[in-house]
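Each chain, written out:
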Amino acid sequence: MSEKVLMKGAEALAEGAIRAGCRFYFGYPITPQNETPEYMSRRLPEVGGRFVQAESEVASINMVYGAACAGVRVMTSSSSPGISLMQEGISYISGSGVPCVVMNAMRGGPGLGNVAPAQADYLQAVKGGGNGDYKRIVLAPASIQEGVDLFVDAFDLADKYRMVVMVIVDGLIGQMMEPVEFKTTVDVNALKKPDWATTGRHGRDHANIISSLMMDTATLEKWNLELQAKYAQVAATESRIEEYEMADAEYAIVAYGTMARIAKTTVRTARARGIKLGLLRPITVWPFPTKQLQKYVGQIKGALTVELAYRQLFEDVELALCGKVPLGWYGRGGGVVPGPQEILAAFEEQFGKGR
Amino acid sequence: MEHNVVIAGFGGQGIMLIGELLARAGMEQGKEVTWLPSYGPEQRGGTAHCAVVIADEPIASPLLPEPQAAIVFNRQSLDKFEPAVEKGGLLVVDATLIDHKSERSDITCVYIPATDIALQLGNSKFTNMVLLGAYLGKANPIPLESVLAALPVFLTGKKATLVEVNRRAIQAGLDFVSKP
């Protein structure tokens, strides 16, 4: 299939994952991403895969852990409170150095919150969540098409680095329909079975053992140093950004995902009024595109961070640009999504008329 | 060039369907499209709406805080979206179900007895298509033919026999607003 089809985001992303070679899905329902497991339950058996609705999110992520140890392409998806329940498993998977993909359709929080679009799990996704010194690669698509394309990268990156890759979206991307094209179909039979997979000894001289438990301090420190070296390599090579209308920009909005998409309209409106505004949209939020942002030190007179959260993305922008570029911030919470005009009003309030 | 519209009414009136039909037809025309539904703890009989954007350029924001047009199927939706329609925009109202006129003088208002027209065609369920036809006639976002051609995608199996009458409903709405 290379022609465009009109699909709901949550279903298109599921199909994108299957095209990327995902054959195993374990999950537990939660709005606003239920169309993803529903689609998986129908489609995975058709392609020789397996779908299991687990009894809880804790069970789901541990089933993912098990499948990941067998060296297959596996994922789960959930929404904020469900993702919180999975943090222990994500830490174990990271500590064991096995690959998987986890999608979070972020919703309003804290607690049960509501089912409206939010970006308030940013810090949980990029900085922490589970215990210990681990990192995930975190991809933040702004459209359904980009999400579908990024799923191929998500599984490739997970396999390459033996890391958890998170794809963070929100209910708006999940519920929306857009034309989408499935450009890549990974042949799962052509994927090399990893030599660390726990799928039987097959005459090998050693047994593969996967664990995150290392009681000996020196052993665990050595393992941590290996992980840190890997994370440093990922940080140096895998960060991505979209730079929109930045060539002559005097000001920039920094935003990701849905918020960046809305801010793009703000940029167009501002440009029509003669304000030289551009958009810096991190596609990877970990590794954060710090260097790409720092390129504009000296060029821009201000950067406005816009997010569906309270100063979470802003922390990373501050780390990248603090003291070098005047910073502003505008965010909304509780599932409220501001329109392009509200962002422009916030920009003008904080940076004058941008001239 | 961009056309956008909010379609709003009770759940079950076929609001999401005509939005999707419009988006689908736009896609077949090679346009960029987005279809964004209201979602959440919805219930039968509750209000629902969707936002459709059809554009030549890649669509940035799919949100429509100030839509160019609104098609409203009930009074609550009229009250909610009438103030939001942009200056110079279009408001399409089912005059059978909504006994109220807009007080705005800076937008074009179309009052069409859509449910009555649908009943004349045999079933009030065609009301959504009548209103869609009225919108197409006034706003002309994409050619009528492309919308008619997309109908069979949504009416399959047993419903395939309804393609023709739905086409007539769209045409009836369009004819109503095209009268001199």
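By convention here, each chain's residues receive numbers from 1 onward along its written sequence. Chains carry letters from A onward and ligands carry numbers from 1 onward, assigned in written order. Only residues with pLDDT of 70 or above have their local features reported here, since the model is predicted, and side-chain atom pairs are shown and tallied only from 80 upward, although totals for entire chains, interfaces and linings are computed over all residues.

1. Considerations on the overall build of chain A
- Within chain A, the regular secondary structure consists of 13 helices and 14 strands.
- In terms of principal-axis extent, the alpha carbons of chain A reach across some 70 × 50 × 40 Å.
- In this scheme the burial state of a residue depends on its C-beta neighbours within 10 Å: 20 or more other such atoms mean buried, 12 or fewer mean exposed, and anything in between means partly exposed; the C-beta positions come from the backbone. Looking at chain A residue by residue over its 355 residues, the buried ones come to 53%.
- Once C-beta atoms have been placed from the backbone, residue pairs whose C-beta atoms lie within 7 Å are recorded as contacts. Of all intrachain contacts in chain A linking residues separated by at least 6 positions in sequence, the fraction that spans at least 24 positions is 79%. Secondary structure elements are taken from DSSP: a helix is a run of H or I of four residues or more, a strand is a run of E of two residues or more, and numbering for both begins at the N terminus.

2. A few points about the overall build of chain B
- Helix and strand counts for chain B stand at six helices and six strands.
- Taken from the N to the C terminus, the helices and strands of chain B come in the order β-α-β-β-β-α-β-β-α-α-α-α.
- Based on C-alpha atoms, the radius of gyration is set beside the globule rule, defined as 2.2 Å times the residue count to the power 0.38. Here chain B has a C-alpha radius of gyration of 15 Å; the compact-globule value for 180 residues is 16 Å, and the two agree.
- Projected onto its principal axes, the C-alpha positions of chain B cover 45 × 40 × 40 Å.
- Classification of the 180 residues of chain B by burial places 48% in the buried group.
- Taking the intrachain contacts of chain B between residues at least 6 apart in sequence as the baseline, contacts between residues at least 24 apart amount to 59%.

3. Thoughts on the sheet that holds strand 13 (residues 302-307) of chain A
Residue and element names in this part refer to chain A.
- We treat two strands as partners when DSSP finds at least two bridges between them. With respect to topology, five strands assemble into an open sheet ordered 9-11-10-13-14, the strand pairing being mixed. Looking along the sheet, the strands with just one partner apiece sit at the ends: strand 9 (241-244) and strand 14 (327-331). Taking the axes of each pair of neighbouring strands and ignoring which way they run, one obtains an average angle of 20 degrees across the sheet.
- Sheet topology places strand 10 (residues 251-254) next to strand 13; four bridges connect them, and they run parallel. Of the residues in strand 13, the one forming a bridge with Ala252 is Ala303.
- Axis definition: a line fitted to C-alpha atoms, over the contacting stretch in the case of helices. Angles run 0 to 180 degrees between N-to-C directions. Across the sheet, helix 12 (residues 313-321) lies against strand 10, strand 13 and strand 14, angled at about 160 degrees from strand 13, the strand it touches most.
- Most of the contacts of helix 13 (residues 340-351) go to strand 13, to which it runs at about 145 degrees, and overall it touches strand 10, strand 13 and strand 14.

4. Quick notes on the domain arrangement of chain A
Residue and element names in this part refer to chain A.
- Domain ranges listed in this record stem from an automatic or a database domain assignment. Per the domain assignment, the segments of chain A are domain 1 (5-198 + 226-237) and domain 2 (241-351).
- Using only C-alpha atoms to locate each centre, domain 1 and domain 2 end up separated by 26 Å.
- Each partner contributes to the interface: domain 1 provides 28 residues, whereas domain 2 provides 22 residues.
- Broken down by element, the residue count for the side of domain 1 that touches domain 2 peaks at four residues, all from helix 6 (residues 122-126).
- Any residue outside Ala, Val, Leu, Ile, Met, Phe, Trp, Tyr, Cys, Pro, Asp, Glu, Lys and Arg is labelled polar, Gly included; the first ten of those are nonpolar and the last four are charged. Class assignment of the residues belonging to the side of domain 1 that touches domain 2 gives a composition of 20 nonpolar, four polar and four charged.

5. Quick look at the interface of chain A and chain B
- Taken together, the contact between chain A and chain B spans 20 residues of the former and 16 residues of the latter.
- Of all the secondary-structure elements, those providing two or more residues to the side of chain A that touches chain B are helix 8 (171-175), strand 8 (177-180), helix 10 (257-272) and helix 13 of chain A.
- A total of five residues in the side of chain A that touches chain B trace back to one element, the largest contributor, which is helix 10 of chain A.
- When the residues that make up the side of chain A that touches chain B are grouped by side-chain class, the tally is 10 nonpolar, five polar and five charged.

6. A look at the sheet that holds strand 7 (residues 164-170) of chain A
All names here are of chain A.
- Here we have seven strands laid out as an open sheet, ordered 3-2-4-5-7-6-12, and mixed in their pairing. Two strands lie at the open edges of the sheet, namely strand 3 (50-53) and strand 12 (284-286), each paired on one side alone. Ignoring which end each strand starts from, the neighbouring axes of this sheet average 20 degrees apart.
- Bridge analysis of strand 4 (residues 74-78) against strand 5 (residues 100-106) gives four bridges, and the strand direction is parallel. Counted as the bridge partner of Ser77 is Met103 from strand 5.

7. Side note on the environment of Met1 of chain B
Residues and elements named next belong to chain B.
- With respect to the element layout, Met1 can be found in the segment before strand 1 (2-10).
- When the 8 C-beta atoms within 10 Å are taken as the criterion, Met1 is described as exposed.
- Not counting residues within four places of it along the chain, the set of residues in contact with Met1 comprises Ala55 and Asp56.

8. Concerning the packing of helix 1 (residues 9-19) of chain A against helix 7 (residues 144-161) of chain A
Residues and elements named next belong to chain A.
- At a closest axis distance of 8 Å, the pairing of helix 1 and helix 7 adopts a crossing angle of 20 degrees. Judged by the angle between their axes, helix 1 and helix 7 are roughly parallel. Note on packing geometry: the crossing formed by helix 1 with helix 7 is right-handed. Packed against helix 1, whose contacting residues are Gly9, Ala12, Leu13, Gly16 and Ala17, the element helix 7 presents Ile144, Gly147, Val148 and Phe151 at the interface.
- When grouped by side-chain class, the residues that make up the contact of helix 1 with helix 7 number six nonpolar, three polar and no charged. The cut-offs work like this: below 35 degrees is roughly parallel, past 145 is roughly antiparallel, 65 to 115 is roughly perpendicular, and the gaps in between are oblique. Crossing handedness: left-handed means the near helix sits turned counterclockwise from the far one by under a right angle, and right-handed means the same turn made clockwise.

9. As for unusual backbone geometry
- Cis peptide bonds are those with omega within 30 degrees of zero, and the linkage from Gly109 of chain A to Pro110 of chain A qualifies with 0 degrees.
- Within the element layout of this structure, Pro110 of chain A appears in the loop between strand 5 and helix 6.
- Phi angles above zero are rare outside glycine, and Glu245 of chain A is one such case at about 55 degrees.
- Looking at where Glu245 of chain A falls in the secondary structure, it is placed in the loop between strand 9 and strand 10.
- Residue class for Glu245 of chain A comes out partly exposed when judged on the 17 C-beta atoms lying within 10 Å of it.
- The backbone of Asn140 of chain B shows a phi angle near 50 degrees, a positive value even though the residue is not glycine.
- Mapped onto the fold, Asn140 of chain B is located in the loop between helix 4 (127-139) and helix 5 (144-154).

10. Re the packing of helix 1 (residues 15-28) of chain B against helix 4 of chain B
Residues and elements named next belong to chain B.
- Interhelical geometry of helix 1 versus helix 4 gives an angle of 45 degrees and a closest axis separation of 9 Å. Judged by the inter-axis angle, helix 1 sits oblique to helix 4. Here helix 1 and helix 4 pass one another in a crossing that is right-handed. Taken together, the residues of helix 4 that come into contact with helix 1 (itself represented by Ile15, Leu17 and Ile18) are Asn128, Met129 and Leu132.
- Looking at the contact of helix 1 with helix 4 residue by residue, the class counts come to five nonpolar, one polar and no charged.

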